[in-house]
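Given next are the chains, with one letter for each unit.
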Amino acid sequence: MTDKNINTEREATDDLRAEIASVLGKIMGIAAFNPTNSKDQLKNVEAQIHNALETHRKKTFSAQMDLTR
């Protein structure tokens, strides 16, 4: 792998890690401070997780495909 590809994958993983930390904070806040609306809020958190994972997958796939060109 080239340094560019390694850095791209590392950045994507760092972004995912930050997004997951944000999500965990939201989940803890929902559970502690607003249990009445938790179902709707957790649906939004689930969507955020799916988006973060999809973005990570796209970034790392792009970096890997750059190697084959």
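Residues numbered from 1 in each chain as written. Predicted model: local features only at pLDDT ≥ 70, side-chain atom pairs only at ≥ 80, totals over all residues. Heavy atoms only, no water.

S.K.: Looking at this model, I keep getting lost on the overall build of the protein. Mind explaining?
M.R.: If you tally the helices and strands in the protein, you get two helices and zero strands. For a compact globule of 69 residues, the expected C-alpha radius of gyration is about 11 Å, and the protein comes in at 16 Å, more than 25% above that figure. Overall size of the protein, expressed as C-alpha extent along the three principal axes, is 50 × 15 × 10 Å. When each of the 69 residues of the protein is scored for burial, the buried share is 17%. Put simply, 69% of the contacts in the protein that link residues at least 6 apart link residues at least 24 apart. Within the structure as shown, the protein displays about 5,200 Å² of accessible surface, and the carbon and sulfur contribution to it stands at 56%. For the protein, the centre of its 10 positive side-chain charges and the centre of its 10 negative side-chain charges are spaced 4 Å apart. (Helix = DSSP H or I, 4+ residues; strand = E, 2+ residues; numbered from the N terminus. Rg over C-alpha atoms; globule rule 2.2 N^0.38 Å. Buried < 20%, exposed > 50% of the residue type's maximum accessible area, 1.4 Å probe, protein only. Contact = heavy atoms within 4.5 Å. Areas by Shrake-Rupley, 256 points an atom, 1.4 Å probe, with all protein chains shown as cover. Lys, Arg positive; Asp, Glu negative; His and termini not counted. Charge placed at Lys NZ, Arg CZ, Asp CG, Glu CD.)

S.K.: What exactly am I supposed to notice about the environment of Leu16 here?
M.R.: Secondary-structure assignment places Leu16 in helix α1 (residues 3–33). The spacing of Leu16 and Thr55 is 39 residues in sequence and 8.2 Å in space, taken between C-alpha atoms. Excluding residues that lie within four positions of it along the chain, Leu16 makes contacts with Ala52, Leu53 and His56.

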